[in-house]
There are 2 protein chains.
Amino acid sequence: MTDSWFEETLYANFQLRLRINNVLHHQKTDYQDLIVFENGQFGRVLALDGAIQTTEADEFFYHEMLAHPPIFAHGDVKRVLIVGGGDGGALEEVLKHPVEKAVMVEIDPTVIKLSKKYLPAISAGAFEDPRTEIVIQDGTKFVSETKERFDVIVIDSTDPIGPATALFQKTFYENCKRCLTEKGILITQSGVPFLQADEARDVHRHLRTLFPDHGFYTVPVPTYSGGFMVLGWASRSDQNRAVSRDRLERRYTASGIATRYYNPDIHLAAFALPNYIRELMG
Amino acid sequence: MTDSWFEETLYANFQLRLRINNVLHHQKTDYQDLIVFENGQFGRVLALDGAIQTTEADEFFYHEMLAHPPIFAHGDVKRVLIVGGGDGGALEEVLKHPVEKAVMVEIDPTVIKLSKKYLPAISAGAFEDPRTEIVIQDGTKFVSETKERFDVIVIDSTDPIGPATALFQKTFYENCKRCLTEKGILITQSGVPFLQADEARDVHRHLRTLFPDHGFYTVPVPTYSGGFMVLGWASRSDQNRAVSRDRLERRYTASGIATRYYNPDIHLAAFALPNYIRELMG
């Protein structure tokens, strides 16, 4: 980082570089290097270990697509588990639905604390919602021990460096499967395949081994460079994926949820994968 | 630009920054500042006036989506006009189809000369194809004067700064319409709406005024930061857009064209637009 620019350190040969108008907070937490700063294009920005996690301006792409496709596809989601996601953005989108309970398991309490303080627009009160339960714990430990079952599990993790590495292992996915209801859906952040082909390939290999219905859907998040990010989708049931456009439209309209990225056409279109992504799925 | 990094100057508060392993060429042409350099992630890179135009690694996203959707949708394209596109990437994709003739009108001969020399992998011999006709001329002048008619016109321009400004004016689109056959399709580079909302809005306003069938389709090009780029689609006929998946599949399979981004599912999915893009279309 220079005096006035934040430079992503994910890749050796190129960087996304955001001007720092103002550093709001910078510290080493117990788990990672965390910075929150203001940028003239993206508003407030949260980065962990040199990688941008979320920004006020573009968080809606990613958080809407983590939450709405599985919940609208399922049609009767009561209980949601979010692993990671300490900024509260996925939690906020989930709670726009009439779910009974949303459990967030975040390993790093400092991410939650500072997101509440500096990025309140992203969680928009979701941490205070009576349906929210926050568990400060390693997500792998939680899913290996809990007796609860969830209709949707959202793995909103960083890339597999630092504390998130264990969230990309087969054992973790096995335990997630155990915690899913029969028709339940697992959604997992799987990187940007054009630049992180190994990450997407590894996730897909695990999901394919464990779930009859498995695949990716896409979202092009502006501050995650490299074209489409893919989100892993896995379920014991292929009913969710097969939901009709009409049914999605009815559920979306009835929900009254205002979205900036998601709509039923985008929902269905997101499952169309370009050849370079199909190829790495083997 | 520092000694070792190319920094895009499109936006004040953020930059895509590519390490320069080796500058192959750098000059002021009669029209623009042109640089070709080598980068460890993207291969050879062409930038004009501080904006990345194309790279060896990701050119396929953009060039495939400029050429294949209109040509496969139409089904009987004989004559194609490309305005701009001096790197030859769109031309190469067009010529994979059994077209009779492809006319490229490029204002800056230096772009063609240096692309042939330093980026031969992008045009892959397309400039030497006997069906190719190169016209060094201002595209606005060409479409205002030519007596030829085209089944597809592809406007492969830079953003509306520098020499491309006139390619975003209504008069130019009117003349393109005059040069289109009855079922013909106009495709036009319309920027990245998340960051360049005015560019997309202006293009759409013009297309809507002039063509019964008008809209955008999307492609997330890695080195065009900001999520989806949109390509304008305009035609007197709505038959092209309404092409069925089966028909696209048959045409694609019969063509034998190997693609890395495009396929019939992506073709249809690309017309689904997220809400933030729908909204700027008014």
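Sequence order sets the numbering: in each chain, residues are counted from 1 along the sequence as written. A letter from A marks each chain and a number from 1 marks each ligand, given out in the order of writing. This being a predicted model, a pLDDT of at least 70 is required before a residue's local features are given, and a value of 80 or more before pairs of side-chain atoms are given or counted; all residues contribute to the totals for chains, interfaces and linings. Remark: hydrogens and water are excluded; side-chain values derive from all non-hydrogen atoms of the structure.

A. Summary view of the sheet that holds strand β11 (residues 180-189) of chain A. Residues and elements named next belong to chain A. Pairing is mixed in the open sheet, where seven strands are placed in the order β9-β8-β7-β10-β11-β13-β12. Among the strands making up the open sheet, the edge pair consists of β9 (132-136) and β12 (213-219). Shown here is a sheet whose adjacent strand axes are inclined to one another by a mean of 15°, direction ignored. Whether two strands pair depends on DSSP finding at least two bridges between them. In this description a helix means any DSSP run of H or I spanning at least four residues, a strand means any run of E spanning at least two, and both kinds are numbered starting from the N terminus. Of the strand pairs in this sheet, β12 and strand β13 (residues 229-235) are connected by seven bridges, and their pairing is antiparallel. Within β13, the position partnered with Asp213 by the bridge is Ser235. Contacts between residues were defined by any pair of non-hydrogen atoms, one from each residue, lying within 4.5 Å. The angle between two axes is taken between their N-to-C directions and runs from 0 to 180 degrees, where each axis is a line fitted to C-alpha atoms and a helix contributes only its stretch in contact. Sheet strands touched by helix α6 (residues 170-179): β7 (79-84), β10 (150-156) and β11. Its angle to β11, the strand with the most contacts, is close to 145°.

B. Layout of the domain arrangement of chain A. Residues and elements named next belong to chain A. Split into domains, chain A comes out as domain 1 (5-55) and domain 2 (59-280). Using only C-alpha atoms to locate each centre, domain 1 and domain 2 end up separated by 23 Å. A buried area of about 2100 Å², summed over both sides, lies between domain 1 and domain 2, and 64% of it is on carbon and sulfur atoms. Among the elements of the structure, β2 (14-19), β3 (22-28), β4 (33-39), β5 (43-48) and β6 (51-55) are those that each provide at least two residues to the side of domain 1 that touches domain 2. Looking at the side of domain 1 that touches domain 2, the element that brings in the most residues is β6, giving four residues. Source of the domain bounds: an automatic or database domain assignment. Two parts placed together each lose some accessible area under a 1.4 Å probe, and adding up what both lose gives the buried area.

C. Layout of the nonpolar core. For our purposes a nonpolar core is just a set of buried Ala, Val, Leu, Ile, Met, Phe, Trp, Tyr and Cys residues, chained together by side-chain atoms within 4.5 Å. Summary of the burial criterion: residues with accessible area below 20% of their type's maximum are buried, those above 50% are exposed, and those between are partly exposed, where the area comes from a 1.4 Å probe applied to protein chains only. Ranked by internal contacts, the top residues of the largest apolar core, which has 185 residues, are A:Ile153, A:Leu186, B:Ile153 and B:Leu186. Apart from the residues lying within four places of it in its own chain, the contact partners of B:Leu186 are B:Ile153, B:Ile155, B:Tyr173, B:Cys176, B:Leu180, B:Leu207, B:Phe211, B:Gly232, B:Trp233 and B:Ala234. By size, the runner-up hydrophobic cluster in this structure holds ten residues, among which are A:Leu34, A:Val36, A:Leu114 and A:Tyr118.

D. Seen up close, the packing of helix α1 (residues 59-74) of chain B against helix α8 (residues 245-255) of chain B. All names here are of chain B. At a closest axis distance of 9 Å, the pairing of α1 and α8 adopts a crossing angle of 110°. Considered as vectors, α1 and α8 are oriented roughly perpendicular to each other. Crossing hand, α1 versus α8: right-handed. Contact with α1, carried on its side by Phe72, Ala73 and His74, involves Leu248, Arg251, Tyr252 and Ser255 of α8 and no other residues of that element. The residue makeup of the contact of α1 with α8, split by class, is four nonpolar, two polar and one charged. Oblique is the label for every angle not falling under 35 degrees (roughly parallel), over 145 degrees (roughly antiparallel), or within 65 to 115 degrees (roughly perpendicular). Handedness of a crossing follows from how the near helix is turned relative to the far one, being left-handed for an anticlockwise turn of less than a right angle and right-handed for a clockwise one. The nonpolar class holds Ala, Val, Leu, Ile, Met, Phe, Trp, Tyr, Cys and Pro. Asp, Glu, Lys and Arg form the charged class, and all remaining residues, Gly among them, are polar.

E. Region of the structure containing the pattern of salt bridges. Each salt bridge in this description consists of a side-chain nitrogen of Lys or Arg and a carboxyl oxygen of Asp or Glu lying within 4 Å of one another. Scanning the model with the defined rule gives 34 salt bridges over all chains in all. The salt bridge partner of A:Lys101 is A:Glu148, with a shortest N-O separation of 3.1 Å. Of the two residues, A:Lys101 sits in strand β8 (residues 101-106) while A:Glu148 sits in the loop between α5 (139-145) and β10, which places them 47 residues apart along the sequence. Residue A:Arg278 is joined to B:Asp265 by a salt bridge in which the shortest nitrogen-to-oxygen separation is 2.8 Å. Linking A:Arg278 in helix α10 (residues 275-280) with B:Asp265 in helix α9 (residues 264-269), this pair reaches from one chain into another. Overall, B:Asp265 belongs to the partly exposed group, its relative accessible area being 24%. Here the salt bridges do not stand alone but share partners, grouping A:Glu7, A:Arg17, B:Glu7 and B:Arg17 into one network.

F. Focus on the packing of aromatic side chains. Each Phe, Tyr or Trp ring (for Trp, its six-membered ring) is paired with any other whose centre lies within 6.5 Å, and the angle between the two planes then decides the class: stacked below 30 degrees, edge-to-face above 60, tilted in between. As enumerated under the stated definition, the model contains 43 aromatic pairs over all chains in all. For the pair A:Phe61 and B:Phe194, a centre-to-centre distance of 5.2 Å together with 85° between the ring planes defines the contact as edge-to-face. Of this pair, A:Phe61 sits in helix α1 (residues 59-74) while B:Phe194 is found in the loop between β11 (180-189) and α7 (197-210), placing the two residues in two different chains. On the accessibility criterion, A:Phe61 (0% relative accessible area) is buried. Here the guanidinium or amino end of B:Lys177 rests over the ring plane of B:Phe211, the centre of that ring lying 5.6 Å away. Charge-over-ring contacts are defined here by two conditions on Lys NZ or Arg CZ: a distance within 6 Å of the ring centre and an angle within 35 degrees of the ring normal. Above the plane of the ring of B:Phe60 lies B:Arg260, whose end atom (NZ or CZ) is 4.0 Å from the centre.

G. Quick peek at the pairing of strand β2 (residues 14-19) of chain B. Most of β2(B) is tucked away, with five of its six residues classed as buried. By the bridge criterion, five bridges tie β2(A) to β2(B) in an arrangement that is antiparallel. Its bridge partner lying in β2(B), A:Phe14 is registered against B:Leu18. Taken together, strand β1 (residues 5-7) of chain B and the strand that follows it, β2(B), pair antiparallel across an intervening segment of six residues.

H. Fine view of the interface of chain B and chain A. Each partner contributes to the interface: chain B provides 44 residues, whereas chain A provides 44 residues. Buried area between chain B and chain A, both sides added, is near 3400 Å², and the carbon and sulfur share of it is 59%. Three residues, B:Asn13, B:Arg17 and B:Phe194, lead the burial of chain B against chain A; their summed loss comes to 18% of the area buried on that side. Between N or O atoms, a polar contact is any pair within 3.5 Å; within protein, one atom must be a potential hydrogen donor and the other a potential acceptor, and residues adjacent in sequence are included only when both atoms are from side chains. Our enumeration of links across chain B and chain A arrives at 29 residue pairs in polar contact (both at pLDDT 80 or more). At the level of elements, β1, β2, α1, α9 and α10 (275-280) of chain B are the ones that each hand at least two residues to the side of chain B that touches chain A. Ranked by residue count, the leading element in the side of chain B that touches chain A is β2(B), at six residues.

I. Structural context of the side chain of A:Thr146. All names here are of chain A. On the secondary structure map, Thr146 appears in the loop between α5 and β10. A relative accessible area of 10% means that Thr146 is categorised as buried. Residues contacting Thr146, with those up to four places away along its chain left out, are Arg178 and Cys179.

J. Structural view of the relation of the copies chain B and chain A. C-alpha atoms of residues with pLDDT of at least 70 in both copies form the basis for the least-squares superposition of the copies. Once chain B is rotated about the relating axis by 180° and shifted along it by 0.0 Å, it coincides with chain A to within an RMSD of 0.0 Å. Put plainly, the chains are arranged around a two-fold axis. Mapped onto chain A, 100% of the interface residues of chain B are again interface residues, and the two copies thus contact each other with one and the same surface.

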